[in-house]
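# Summary of structural features
Here is what each chain is made of, one letter per residue.
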Amino acid sequence: YCNLKYATTLLVMLQLPATSRGKGTVPLATRQQIVNVTNVGKLSQHEVAESFQVSRATVRNIMASYNALGVVTVNQRGGLKRKIIHEQEAMDAIKEMINDDCSLTLN
């Protein structure tokens, strides 16, 4: 059993590009491999996390999402999405503000 576990870990590590720990989105292909290795049942989530160089929470969350939805997905990360305003739109908005109130200044 120990040799099989070690061989499975090596096989997983050889198939993957090296990744660094830290914030970031785990690629879809890596997520699929994490699900496949975890579902085989030879490695614990802790061992899978070490093999893929991700946190145990990441493995747990990927598996929870997979178990709930039945598919492997990459969710969009949160945060404020800034609206991009083109130069002409900005100029039109400034002109409209000035036309509405001539006493506006840049101060």
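Computed from a prediction, not measured in an experiment: that's the story for all the values here.

What counts and what doesn't
- Residues numbered from 1 in each chain as written.
- Predicted model: local features only at pLDDT ≥ 70, side-chain atom pairs only at ≥ 80, totals over all residues.
- Heavy atoms only, no water.
- Helix = DSSP H or I, 4+ residues; strand = E, 2+ residues; numbered from the N terminus.
- Buried < 20%, exposed > 50% of the residue type's maximum accessible area, 1.4 Å probe, protein only.
- Contact = heavy atoms within 4.5 Å.
- Areas by Shrake-Rupley, 256 points an atom, 1.4 Å probe, with all protein chains shown as cover.
- Expected span 1.5 Å × (residues − 1).

## Brief notes about the overall build of the protein
Secondary structure assignment for the protein yields five helices and zero strands. Along its sequence from the N terminus, the protein presents helices and strands in the succession α-α-α-α-α. Taken over 107 residues, the protein has a buried fraction of 20%. In the protein, the proportion of contacts linking residues at least 24 apart, taken out of those at least 6 apart, comes to 64%. Summed over all atoms, the accessible surface of the protein reaches about 8,500 Å², with 56% contributed by carbon and sulfur.

## Quick word on helix α2 (residues 28-40)
Relative to the 18 Å expected for 13 residues at 1.5 Å per residue, α2 spans 19 Å between its end C-alpha atoms, a close match to the ideal helical length. Inspection of α2 places Thr30, Arg31, Ile34, Val35, Val37 and Thr38 among the buried residues, and these make up the whole buried set. Once α2 ends, the next one or two residues include glycine 41, with phi positive near 85 degrees.

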